[in-house]
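Architecture and fold: a report
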Amino acid sequence: MNNEKNQLVNDYAIENFKNGLNCAESVYDALLRAGVLDVAKETVAMCTGFGGGIGLYGETCGALSAAVMANSAVHGRKDPWSIDSDVRGDEVGKKYYRRYNNLVREFKEANGCTTCREICEPFDDWHGKKRRVHCLKLIGATAQLAYQYLQIPQDEAFEMPYGEKMGAPIEK
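Residues numbered from 1 in each chain as written. Predicted model: local features only at pLDDT ≥ 70, side-chain atom pairs only at ≥ 80, totals over all residues. Heavy atoms only, no water.

As for unusual backbone geometry
Selection rule: Any residue under 20% of the maximum accessible area for its type is buried, any over 50% is exposed, and the rest in between are partly exposed; the area is computed with a 1.4 Å probe on protein chains only. Helix and strand definitions here come from DSSP, where helices need a minimum of 4 consecutive H or I residues and strands a minimum of 2 consecutive E residues; each element is numbered from the N-terminal end.
In this model, I54 sits at a positive phi of 80 degrees, which is unusual for a non-glycine residue. Classification of I54 as partly exposed rests on a relative accessible area of 42%. Look at L56: it is not a glycine, yet its phi comes out positive at around 60 degrees. Positionally, L56 belongs in the loop between α3 (51-54) and α4 (62-75).

Here you go:
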């Protein structure tokens, strides 16, 4: 992994948030600006609704959602219809979900939870400096996490163990 790019996505994500992009836009755009996400720049529009845990609803953190979207843009199934229908549904769980499962697990380990509501709960004022600084750091770190997962080759990701499925630890 390129440490310079890793730092660059962190810095761009923080700069983006300071300049009015939401958490999801900040992460996704940082990956675009750093040149590690090779997709049309207009795809950042997909992130707009994910800010504040999806339209300020407080669910899945927008930064985490953007990290998953960026990884899906590169490593997702480009044409699921081309896969035989007998294996299409099973294939996504047996192979593809492993990358995202582990990305979410690492995010949760770093932040204690995955929802915007819980992440922001300690801060009385949504618009206050303390909450914004906390989110700035989280957004930068999540951009780095997204970048790190983008560097994992597909064949390696297909072999990653699951950490949890639907909240239950995976039996060995």
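Okay, back to it.
Considerations on the packing of aromatic side chains
Each aromatic ring pair is specified by the distance between its two centres and by the angle formed by the two planes. Basically, it comes down to this: Whether two aromatic rings pair depends on their centres lying within 6.5 Å, for rings of Phe, Tyr and Trp, where Trp uses its six-membered ring; planes under 30 degrees apart make the pair stacked, over 60 edge-to-face, and the rest tilted. Charge-over-ring placement is defined geometrically: NZ (Lys) or CZ (Arg) within 6 Å of the ring centre, and within 35 degrees of the ring normal.
Counting across every chain of the model gives 1 aromatic pair. When the ring of Y96 is compared with that of F158, the centres are 4.9 Å apart and the planes differ by 70 degrees; the resulting orientation is edge-to-face. Taken as a pair, Y96 in helix α5 (residues 85-111) and F158 in the loop between α8 (154-157) and β1 (164-165) lie far apart in primary sequence, 62 residues in all. Here Y96 matches F158 in class, with each residue buried. The side chain of R33 reaches across the aromatic face of Y12, ending 4.0 Å from its centre. Here the basic side chain of R117 rests over the ring of Y57, its NZ or CZ set 5.9 Å away from the ring centre.

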